[in-house]
Amino acid sequence: MSRPDLSTYGGRLLDEGYAGQVIDLNTHSIFNYRNEGAAGIDFGLFVARGAAADTCKLPGAADDEIVGISVRHSVGVADINGDVLYLQNAMVPALEIGRIRVVCENGCSPGDPVFVRYAGAGVQGAARSATVANETAAFTAAVWDSTTAAGGLGVIRILK
């Protein structure tokens with residue numbers, strides 16, 4: 001989970017934003033799902049439909065149905081490492097339509113396609129602008145809306 005760095009002061013005091021942060025108040029839709037997976041879901045990751053009604057999980061296969069991106073919520077209890085995650089059986093707000101900040105694994109430009117990581121060395125549910133064979137799947141209902149360096153915070157617009 002991204003956190004503000006409070007060890008320095010001066011200059012630009014506020015970060016651009018955080019993964020999972022909804023950008024603006026334009027039309028957007030957020031639906032709540034229950035995390036059925038044993039793994040915690042961090043902010044700003046794609047989530048897939050779970051086996052039971054109104055549940056979600058991190059994507060684990062190319063044919064998993066993506067239902068949205070986990071939204072950053074300020075209320076939560078940190079684990080022993082100081083991370084706040086949506087743990088198993090927790091409600092996960094997922095953005096279905098709108099603009100949201102997400103970490104881009106490989107960098108992007110406006111209009112680039114969105115690919116979701118379901119396997120490989122990266123984080124399950126992470127976003128990319130280029131495919132990796134047998135590790136990512138295209139999410140055609142979204143596009144990148146920003147120019148971002150590899151590992152940087154970008155903006156995704158979900159159009160559903």
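Scroll up to find the structure this text is about.
Here the residue index of a chain counts from 1 through its sequence in written order. For a predicted model such as this one, the threshold for reporting local features is a pLDDT of at least 70, and the threshold for listing and counting side-chain atom pairs is 80 or more; totals across whole chains, interfaces and linings nevertheless cover every residue. Side-chain metrics rest on all non-hydrogen atoms present in the structure, leaving aside hydrogens and water.

Further remarks concern the nonpolar core. Residues Phe46, Phe139, Trp144 and Ile156 are the most contacted members of the largest nonpolar core, which totals 19 residues. Secondary structure follows DSSP: runs of H or I at least 4 residues long count as helices, runs of E at least 2 residues long count as strands, and numbering of each begins at the N terminus. When contributions to this core are tallied by element, the ones reaching two or more residues are strand 2 (46-49), strand 4 (66-70), strand 5 (91-103), strand 6 (113-117), strand 8 (136-144) and strand 9 (153-158). Considering every element that reaches this core, the biggest residue donor is strand 8, with four residues. With near-sequence residues (within four places) excluded, phenylalanine 46 lies in contact with Leu58, Pro59, Ile66, Gly68, Ile69, Val114, Val116, Gly125, Ala126, Ala127, Phe139 and Ile156. Counting residues in hydrophobic clusters, the runner-up holds 13 residues, among them Val47, Leu58, Tyr86 and Ala94. Residue types Ala, Val, Leu, Ile, Met, Phe, Trp, Tyr and Cys, when buried and joined through side-chain atoms within 4.5 Å, form a set referred to as a nonpolar core. To sort residues, take the accessible area from a 1.4 Å probe on protein chains only and compare it with the maximum for the residue type: under 20% means buried, over 50% means exposed, and anything in between is partly exposed. In what follows, residue pairs with any heavy atoms lying within 4.5 Å of each other are defined as contacts.

What follows concerns the side chain of threonine 148. Here threonine 148 lies in the loop between strand 8 and strand 9. The exposure class of threonine 148 is buried, given its relative accessible area of 10%. Any pair of nitrogen or oxygen atoms within 3.5 Å is treated as a polar contact; in protein, a donor-acceptor pairing is required on top of that, and neighbouring residues in sequence qualify only through side-chain atoms on both sides. A distance of 3.1 Å separates the side chain of threonine 148 from the side chain of serine 146, its partner in a polar contact. Here the side chain of threonine 148 touches leucine 153 through a polar contact of 3.4 Å, landing on its backbone oxygen. Setting aside anything within four residues of it in sequence, one finds threonine 148 in contact with Cys104, Gly107, Cys108, Leu153 and Gly154.

By disulfide we mean two sulfur atoms from cysteines, separated by a distance within 2.5 Å. Evaluated as defined, the whole model comprises zero disulfides. With no disulfide partner, cysteine 104 has as its closest neighbouring cysteine sulfur the one in cysteine 108, 4.1 Å distant.

Pairing of aromatic side chains here covers Phe, Tyr and the six-membered ring of Trp, requires ring centres within 6.5 Å, and sorts the geometry by plane angle: under 30 degrees stacked, over 60 edge-to-face, intermediate tilted. Scanning the model with the defined rule gives three aromatic pairs in all. Seen from their ring centres, phenylalanine 31 and tyrosine 33 are 4.8 Å apart, and the 55° between their planes marks the pair as tilted. Assessed through its relative accessible area of 3%, tyrosine 33 is described here as buried. Ring centres 5.3 Å apart and planes at 65° place the aromatic pair phenylalanine 46 and phenylalanine 139 in the edge-to-face group.

In this section: the pattern of salt bridges. One side-chain nitrogen of Lys or Arg within 4 Å of one carboxyl oxygen of Asp or Glu is enough to make a salt bridge. This model, assessed by the stated rule, comprises eight salt bridges. Among the ionic pairs, arginine 128 bridges to glutamate 105, the shortest N-O distance being 3.2 Å. A residue pair is termed long-range when its members are at least 10 positions apart, and arginine 128 in strand 7 (residues 127-128) and glutamate 105 in the loop between strand 5 and strand 6 qualify at 23 residues. Its salt-bridge partner being arginine 157, residue aspartate 145 comes within 2.8 Å of it at the nearest N-O pair. With aspartate 145 in the loop between strand 8 and strand 9 and arginine 157 in strand 9, this pair connects stretches of sequence that are 12 residues apart. For arginine 157, a relative accessible area of 31% gives the class partly exposed. Each of Asp24, Arg99, Asp145 and Arg157 takes part in one network of salt bridges that share partners.

With four of its five residues buried, strand 6 lies for the most part within the structure. Pairing between strand 6 and strand 8: four bridges, direction antiparallel. By the bridge assignment, phenylalanine 115 is partnered in strand 8 with alanine 138. Any two strands are treated as partners once DSSP identifies two or more bridges connecting them. The pairing of strand 6 with strand 7 spans two bridges and is classified as antiparallel. Across the sheet, valine 116 pairs through a bridge with alanine 127, a residue of strand 7.

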